[in-house]
Amino acid sequence: MRRWKVGGALIRHDDGLVLVCNRRRDRSVEWTPPGGVIDHGETVLQGLEREVREETGLVVASWAGLSYRVTVDAPDMGWRLSVEAWEAGTVTGDVLIADPDGIVEEVRHASAAEAPGLLQASPPWVHAPVGGWLLGDATQHYRFLLRGAERSSARIERLE
């Protein structure tokens, strides 16, 4: 079973948050908070600071705290995804995309009204917790089960 540890940065901007536009291998587009896979030897916050800098050019100088965790099990595909989403405290810098993976195409300061529509194209394990966070939901852990061998036809179930 493959396992990924991912960090997500919740960076408030006015009444909304910072989102990045990711171009996936199948050419589809997903809007998500900045973040990504934590490299071997990094703590979650070290990896998250690196990912935010690469994807947005912004520098997170402090963190307000862990907002929620997400676990996605995909037994038919042989993987498990664990996510920690942290709310940024102090953020400096100007937007500059320097994503070495070449996935991020745009950075947007999305309003609370605009963000849910943008997030809708992302998987439920992204848009459900981020949408809840924007609304002040205090859920600490989200669990999802992905059934099926192909992502395009898989069924996603929220367990908690």
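Residues numbered from 1 in each chain as written. Predicted model: local features only at pLDDT ≥ 70, side-chain atom pairs only at ≥ 80, totals over all residues. Heavy atoms only, no water.

Trainee: Outline the sheet that holds strand 1 (residues 2-10), supporting the account with residue identities and numerical values.
Mentor: With respect to topology, 6 strands assemble into an open sheet ordered 5-1-8-7-11-12, the strand pairing being mixed. The open sheet is flanked by strand 5 (35-37) and strand 12 (155-158), the only strands paired with a single partner. Averaged over all neighbouring strand pairs, the angle between strand axes comes to 20°, with direction disregarded. Across 4 bridges, strand 11 (residues 141-147) lies against strand 12 in antiparallel orientation. Along strand 12, the bridge assignment pairs Arg-147 with Arg-155. (Pairing = 2+ DSSP bridges. Helix = DSSP H or I, 4+ residues; strand = E, 2+ residues; numbered from the N terminus. Axes fitted to C-alpha atoms, helices over the stretch in contact; angles between N-to-C directions.)

Trainee: Give me unusual backbone geometry: which residues, what numbers.
Mentor: Backbone geometry places Asp-14, a non-glycine residue, at a positive phi of 50°. Along the polypeptide, Asp-14 turns up in the loop between strand 2 (12-13) and strand 3 (16-23). Phi at Arg-27 takes a positive value of approximately 80°, unusual for a residue other than glycine. As for its placement among the helices and strands, Arg-27 is situated in the loop between strand 3 and strand 4 (29-32). In this structure Arg-27 comes out as exposed when scored by relative accessible area, which is 56%. (Buried < 20%, exposed > 50% of the residue type's maximum accessible area, 1.4 Å probe, protein only.)

Trainee: Kindly report on the pairing of strand 8 (residues 79-88), identifying the contributing residues and their values.
Mentor: Here is the key point about a regular strand: its side chains alternate between the two faces of the sheet. Counting buried positions over the 10 residues of strand 8 gives 8, a clear majority of the element. Where strand 1 meets strand 8, 9 bridges bridge the pair, whose relative direction is parallel. What sits directly across from Gly-7, in strand 8, is Glu-84. In the sheet, strand 7 (residues 63-74) pairs with strand 8 via 10 bridges, with the strands oriented antiparallel. Looking at strand 8, one finds that Ala-74 is bridged to Trp-79. Counting the residues that bridge the hairpin from strand 7 to strand 8 gives 4 residues, and of these Gly-78 lies at a positive phi of roughly 75°.

Trainee: I'd love a proper account of the packing of aromatic side chains, names of residues and values included.
Mentor: In total, this model carries 3 aromatic pairs according to the counting rule given. When the ring of Tyr-68 is compared with that of Tyr-142, the centres are 5.6 Å apart and the planes differ by 75°; the resulting orientation is edge-to-face. Placement of the pair is Tyr-68 in strand 7 and Tyr-142 in strand 11, with a sequence separation of 74 residues. The same class applies to Tyr-68 and to Tyr-142, which are both buried. The interplanar angle of 75° and the centroid separation of 6.3 Å between the aromatic rings of Trp-79 and Trp-125 together place this pair among those described as edge-to-face. Taken as a pair, Trp-79 in strand 8 and Trp-125 in helix 3 (residues 124-134) lie far apart in primary sequence, 46 residues in all. With a relative accessible area of 14%, Trp-79 lands in the buried category. Accessibility expressed as a relative area gives 11% for Trp-125, which makes it buried. Members of the aromatic cluster, joined through ring pairs, are Trp-4, Trp-79 and Trp-125. (Phe/Tyr/Trp six-rings, centres within 6.5 Å; stacked < 30°, edge-to-face > 60°.)

The values are spatial; any link to function lies outside them.
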